[in-house]
Amino acid sequence: MESGSFIEDDLKSQCSDMLYAMKTTTGHDGYVYCLIEHQSRPEKLMAFRLLRYAVAAMQRHLEQGNDQLPVVIPLLFYHGTTSPYPYSTQWLDCFTDPELAESVYRQAFPLVDITAMPDDEILTHRRVSLLELVQKHIRTRDMLELVNELAGLLEQWAYPKEQFRSLLYYLAEAGNTVEGEKFIRALAEKTPRYREEAMTIAEQLEAKGIEKGIVLGRQEGRQEGRQEGRQEGRQEGRQEGRQEGEHSASLKIARQLIANGVDRAIVKMSTGLSDDKLASLFDDGH
């Protein structure tokens with residue numbers, strides 16, 4: 001006998017259960033699940049409840065380190081007032097259409113393997129083709145290469161804007177795109193319907209990137225300053241090292257911001273560089 005119960009707390013006054021572990025004749029693990037019903041009236045969907053408890057026993061078997069499902073035989077003990085037991089114990093009979101249920105659950109579940117499907121075939125799948133195309137190439141191709149196909153699908157099927165925003169966040173988080181903001185801006189140019197949402201997300205990602213760059217740059221500057229200061233071994237050396245490190249980091253951040261087309265005023269505010277130094281950097285960038 002195994003320990004534990006699979007009955008919901010609100011039903012424990014109406015039922016008791018026991019799980020017995022055993023070996024099949026072929027040597028595999030198996031179980032017999034016994035459910036004892038105390039209520040006087042039978043339950044029409046009891047077969048479904050038995051199935052749920054059997055599946056729960058299978059799940060616990062997996063959680064114990066096994067990698068295959070065991071056979072669990074449900075066994076119901078009934079002693080209600082109605083006799084004989086009036087309902088089927090075949091779980092498929094719990095469906096409104098048992099024949100349809102049997103055809104679904106006695107065969108392999110449908111599989112849409114987009115990894116082995118040509119893009120031309122995916123594009124014939126109407127509204128779901130956008131999701132399938134993105135999923136197929138999200139980790140293997142730069143999304144900039146697919147911007148025309150994605151824009152065409154967005155315009156053709158007029159997806160809800162909430163779904164469009166979710167798609168862009170998914171692409172930005174998991175996509176194999178070197179320049180995420182560039183991809184989103186390119187998509188915005190080709191999809192007037194979603195242009196406002198796309199530009200808003202592009203600006204959010206750009207601001208997030210700038211903030212991350214500033215934080216990393218400052219951390220690198222402080223680290224470089226501390227290292228150079230320790231090598232000098234004197235207070236003056238440490239001070240000069242920190243200043244040089246922070247200045248170097250500021251230059252690095254400024255070059256990154258300029259390369260991304262950030263306005264000069266924002267670059268100055270973010271780095272603290274002088275106007276003369278910024279002017280030389282902007283000239284170099286041009």
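Trainee: Got a minute to help me understand the packing of helix H4 (residues 129-137) against helix H5 (residues 147-157) in this structure?
Mentor: Geometry of a packed helix pair, given as the angle between the helix axes and the separation of the axes. At a minimum axis distance of 10 Å, the contact between H4 and H5 shows a crossing angle of 160°. With respect to each other, H4 and H5 are oriented roughly antiparallel. Read as a crossing pair, H4 and H5 show a hand that is left-handed. Contact residues: Ser129, Leu130, Leu133 and Val134 in H4; Glu149, Leu150, Leu153 and Leu154 in H5. Considering only residue class, the contact of H4 with H5 consists of six nonpolar, one polar and one charged.

Trainee: Just checking my understanding: could you explain the pattern of salt bridges for this structure?
Mentor: Should their charged atoms come close, side chains of opposite charge can pair. The full count for this structure, using the stated rule, is eight salt bridges. For the salt bridge of Glu8 with Arg52, the shortest nitrogen-to-oxygen distance reads 2.2 Å. Taken together, the positions of Glu8 in the segment before strand E1 (15-23) and Arg52 in helix H1 (residues 46-63) put the pair 44 residues apart, joining distant regions of the chain. Since its relative accessible area comes to 24%, Glu8 is described here as partly exposed. Overall, the relative accessible area of 36% leaves Arg52 in the partly exposed class. Across the pair Arg165 and Glu162 runs a salt bridge whose closest N-O atoms are separated by 4.0 Å. With Arg165 and Glu162 both in helix H6 (residues 161-174) and three residues apart, the pair spans about one turn of that helix. Under the relative-accessibility criterion, Arg165 is labelled partly exposed at 29%.

Trainee: Just checking my understanding: could you explain the sheet that holds strand E3 (residues 71-78) for this structure?
Mentor: Within a sheet, adjacent strands bond to each other through the backbone by hydrogen bonds, running parallel or antiparallel. Here we have three strands laid out as an open sheet, ordered E1-E2-E3, and mixed in their pairing. Of all the strands in the sheet, the pair left with one neighbour each is E1 and E3. Each adjacent strand pair in this sheet contributes to an overall mean axis angle of 20°, direction not counted. As paired strands, E1 and strand E2 (residues 29-37) are joined by nine bridges and run antiparallel to one another. If you follow Met22 over to E2, its bridge partner there is Gly30.

Trainee: Would you mind showing me how to read the layout of surface pockets here?
Mentor: Rolled over the atoms, a probe sized like a water molecule indicates the empty space that remains. Reported here for the second largest pocket is a volume of approximately 210 Å³. Forming the walls of the second largest pocket are 13 residues, and the residues nearest its centre are Ala47, Leu50, Leu51, Pro74 and Thr89. Classifying every residue of the lining of the second largest pocket by side-chain character gives eleven nonpolar, two polar and no charged.

Trainee: Could you clarify how one ought to interpret the environment of Leu154 in this entry?
Mentor: Assignment of secondary structure puts Leu154 in helix H5. Given the relative accessible area of 1%, Leu154 is considered buried. Taking the C-alpha atoms as reference points, Leu154 and Arg193, separated by 39 residues in sequence, lie 8.6 Å from one another.

What counts, and where the lines are drawn
- Per chain, the residues get numbers from 1 upward, laid out in the order the sequence is written.
- Per-residue local features are limited, in this predicted model, to residues with pLDDT of at least 70; the limit for side-chain atom pairs, both in listing and counting, is 80 or more; totals at the level of whole chains, interfaces and linings are taken over all residues.
- The side-chain quantities take in all heavy atoms of the structure and omit both hydrogens and water.
- Here an axis means a line fitted to C-alpha atoms, over the contact stretch when the element is a helix, while the angle between two N-to-C directions is reported on a 0 to 180 degree scale.
- Where helices and strands are cited, they refer to DSSP runs of H or I of at least four residues and of E of at least two residues respectively, numbered from the N terminus.
- Oblique is the label for any angle not covered by the other classes, which are roughly parallel (under 35 degrees), roughly antiparallel (over 145) and roughly perpendicular (65 to 115).
- Left-handed describes a crossing whose near helix is turned anticlockwise from the far helix through less than a right angle; right-handed describes the clockwise counterpart.
- Whether two residues are in contact is decided by their heavy atoms, any of which lying within 4.5 Å being enough.
- Nonpolar residues are Ala, Val, Leu, Ile, Met, Phe, Trp, Tyr, Cys and Pro. Charged residues are Asp, Glu, Lys and Arg, and all others, Gly as well, are polar.
- Whenever a carboxyl oxygen of Asp or Glu lies within 4 Å of a side-chain nitrogen of Lys or Arg, that contact is scored as a salt bridge.
- Exposure is judged per residue with a 1.4 Å probe applied to protein chains only, and the accessible area is read against the type maximum: over 50% gives exposed, under 20% gives buried, and values in between give partly exposed.
- Whether two strands pair comes down to DSSP finding at least two bridges between them.
- Both site types are read off a 1 Å grid over the protein atoms alone. A 1.4 Å probe that fits but cannot get out defines a cavity, while an open set with protein on both sides within 12 Å along at least five of seven lines defines a pocket; lining residues have an atom within 4 Å of a point.
- Grid points are joined across faces, edges and corners, and a volume is the space filled by probe spheres set on the points.

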